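Read off the chains here:
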Amino acid sequence: MYPSKRNNTKTVYFVFLFVSSLFFGCKNSEEKINFKKAQKGQELFTSVGCATCHSLSGAKFYGPSLNKILGTKTKVIRNHKEYTVFFDENYIKKSIIDPDFEKPILFKSKKMPKPSLTTFEVDCLTNYLVSINKTSTKH
Ligand code: HEC
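Residues numbered from 1 in each chain as written. Predicted model: local features only at pLDDT ≥ 70, side-chain atom pairs only at ≥ 80, totals over all residues. Heavy atoms only, no water.

## Looking at the nonpolar core
Using the following cut-off: What we call a nonpolar core is a set of buried Ala, Val, Leu, Ile, Met, Phe, Trp, Tyr and Cys residues that are connected through their side-chain atoms within 4.5 Å. Relative accessibility decides the category of a residue: with a 1.4 Å probe and only protein chains considered, values under 20% of the type maximum give buried, values over 50% give exposed, and everything between is partly exposed. What counts as a helix is a DSSP run of H or I of at least four residues, what counts as a strand is a run of E of at least two, and both are numbered from the N terminus. For this analysis, residues touch if any pair of their heavy atoms sits within 4.5 Å.
The biggest cluster of nonpolar side chains holds 19 residues, and the ones touching the most others in it are Phe45, Tyr91, Ile92, Ile96, Leu125, Tyr128 and Leu129. Here this core takes seven residues from helix α5 (residues 119-135), the largest share from any one element. Dropping the residues within four chain positions of it, leucine 125 is found in contact with Gly41, Leu44, Phe45, Cys50, Ile96 and Leu117.

Pasting the structure below:
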């Protein structure tokens, strides 16, 4: 009938979908941090010894400082090859569970001992590190 009218309806529909996906997208990323777990993670960070090798201030201890900004790129070595990965939640978690899987290039000759933690504890530590890295993006 009136093609232009049909197109308008479509446009309105897509704009609606787009806006709502933005809205839900933001909501999800805010919900990613579980603050109870993050708090527990903060305690664990000191009590299980992460703090002896990792600063949260940018200072280099034996291991890299962990106050990096989420989503920034890090160069790592995996199987003797160089890769660029994003410093994100998955990377943090994987680095805790399996430190030998890949190493940040500046620390390739250093060794992080595999910590013996429960899945819950790893989750808490990951939440904690994500939470401090999120806040460090807000200046
Ligand atoms: C004996 C020192 C030591 C301890 C203890 C230690 N780490 Fe590490 N960690 C390292 C070193 C060295 C690296 C880099 C080399 C590697 O990945 O093996 C690293 C890498 C990491 C990375 C990746 C960082 C990056 O920039 O790529 C994370 C995340 C991490 N450690 C978290 C933890 C957490 C959480 C704990 C406590 C459960 C912990 N570490 C305990 C030495 C340590």
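## Concerning the pattern of salt bridges
Defined as follows: By definition here, a salt bridge exists when the distance from a side-chain nitrogen of Lys or Arg to a carboxyl oxygen of Asp or Glu is within 4 Å.
By the definition in use, this model includes six salt bridges. Ionic pairing is found between lysine 75 and glutamate 82, a salt bridge with its closest N-O pair at 3.7 Å. Given the relative accessible area of 45%, lysine 75 is considered partly exposed. By sharing partners, the salt bridges in this structure join Lys37, Lys93 and Asp123 into a single network.

## Some thoughts on the sheet that holds strand β2 (residues 81-86)
The condition is simple: Strands pair, by our definition, only if DSSP identifies at least two bridges between them.
The strand order β2-β1-β3 describes an open sheet built from three strands, whose pairing is antiparallel. Edge positions in the sheet fall to β2 and β3 (103-104), since each of these pairs with one other strand and no more. Relative to β3, strand β1 (residues 73-78) runs antiparallel, the two sharing two bridges. When the bridges of β3 are listed, valine 76 appears paired with proline 104.

## Section: the site of the ligand
The cut-off we apply is this: Residues are labelled near a given molecule or strand when at least one of their non-hydrogen atoms is within 4 Å of it. A 3.5 Å cut-off defines polar contacts: any pair of N or O atoms within that distance qualifies, except that in protein one atom must be a possible hydrogen donor and the other a possible acceptor, and neighbouring residues in sequence count only when both atoms are side-chain atoms. Every definition here rests on a 1 Å grid over the protein atoms only: cavities are sets of points where a 1.4 Å probe fits but cannot get out, pockets are open sets enclosed by protein on both sides within 12 Å along at least five of seven lines, and lining residues have some atom within 4 Å of a point. Here the criterion for a molecule occupying a pocket or cavity is that more than half of its atoms lie within 2 Å of the pocket grid points.
Of all residues adjacent to the ligand, which total 23 residues, the nearest are Cys50, Cys53, His54, Lys68 and Met112. Within the contact set of the ligand, an oxygen atom lies 3.4 Å away from a backbone nitrogen or oxygen of proline 99. One nitrogen or oxygen atom from the side chain of lysine 103 is found 3.0 Å from an oxygen atom belonging to the ligand. More than half of the atoms of the ligand fall within 2 Å of the grid points belonging to the largest pocket. Every element with two or more residues in the shell around the ligand is listed here: α3 (50-53), α4 (89-97) and β3. Sort the elements by how many residues they give to the shell around the ligand and α4 lands first, with three residues.

## Points about the side chain of serine 65
Checked against the element boundaries, serine 65 lands in the loop between α3 and β1. In terms of polar contacts, serine 65 uses its side chain to reach the side chain of serine 55, at 3.2 Å. Here the side chain of serine 65 touches asparagine 67 through a polar contact of 2.7 Å, side chain to side chain. In contact with serine 65, not counting residues within four places along its chain, are Ser55, Leu56, Ser57, Gly58 and Ala59.

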